[in-house]
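Take a look at the letters that make up each chain.
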Amino acid sequence: MEQRIKCLVEECVYNDCRRRICRAPAIEVRASGDRAVYTADGCKCHTFKPRP
Ligand code: SF4
């Protein structure tokens, strides 16, 4: 199945910069802090891995 997660984080090793999609087989997204999340800014991709 084609991956459909759009992501523009080019610094991540899973990012396909040309197509602007995530190539990871699955991702995990969590709240970025301890508080309740009310906006997208409060979310964070924990699958992010920096390029070597
Ligand atoms: S793992 Fe997360 S940060 Fe990295 S390309 Fe996928 S969605 Fe973006």
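All of these numbers come straight from a predicted model, not from anything done at the bench.

Q: Please explain the site of the ligand as it appears in this structure.
A: The environment of the ligand is formed by Cys 7, Cys 12, Tyr 14, Asn 15, Cys 22, Ile 27, Cys 45, Thr 47 and Phe 48. Class assignment for the residues of the shell around the ligand results in seven nonpolar, two polar and no charged.

Q: Is there a simple way to think about the environment of Arg 4 in this case?
A: Tracing the backbone shows Arg 4 in the segment before β1 (15-16). Here Arg 4 falls in the exposed class, since its relative accessible area comes to 70%. Between the C-alpha atom of Arg 4 and that of Asp 16, which follows or precedes it by 12 residues, the distance is 12 Å.

Q: Hey, could you run me through the layout of surface pockets in this one?
A: Of the pockets and cavities examined, the largest pocket occupies roughly 160 Å³. Lining the largest pocket we find Ile 5, Lys 6, Cys 7, Val 9, Cys 12, Tyr 14, Asn 15, Cys 22, Ile 27, Cys 45 and Phe 48. Its residues placed into classes, the lining of the largest pocket shows nine nonpolar, one polar and one charged.

Q: Sorry if this is basic, but what is going on with the side chain of Asp 16 here?
A: When you line up the elements, Asp 16 lands in strand β1. Looking at Asp 16, the relative accessible area reads 11%, which means it is buried. There is a polar contact of 3.2 Å between the side chain of Asp 16 and the backbone nitrogen of Arg 18. In this structure the side chain of Asp 16 is engaged in a polar contact, spanning 3.0 Å, whose partner is the side chain of Arg 19. Non-local contacts of Asp 16, meaning those with residues more than four positions away in its chain, are made with Ile 21 and Arg 23.

Rules used in this analysis
Residues numbered from 1 in each chain as written. Predicted model: local features only at pLDDT ≥ 70, side-chain atom pairs only at ≥ 80, totals over all residues. Heavy atoms only, no water. Near = heavy atom within 4 Å. Nonpolar A, V, L, I, M, F, W, Y, C, P; charged D, E, K, R; others polar. Helix = DSSP H or I, 4+ residues; strand = E, 2+ residues; numbered from the N terminus. Buried < 20%, exposed > 50% of the residue type's maximum accessible area, 1.4 Å probe, protein only. 1 Å grid on protein atoms, 1.4 Å probe; cavity = no way out; pocket = protein on both sides within 12 Å on 5 of 7 lines; lining within 4 Å. Points joined across faces, edges and corners; volume = space filled by probe spheres on them. Polar contact = N/O pair within 3.5 Å; in protein donor to acceptor, adjacent residues only side chain to side chain. Contact = heavy atoms within 4.5 Å.

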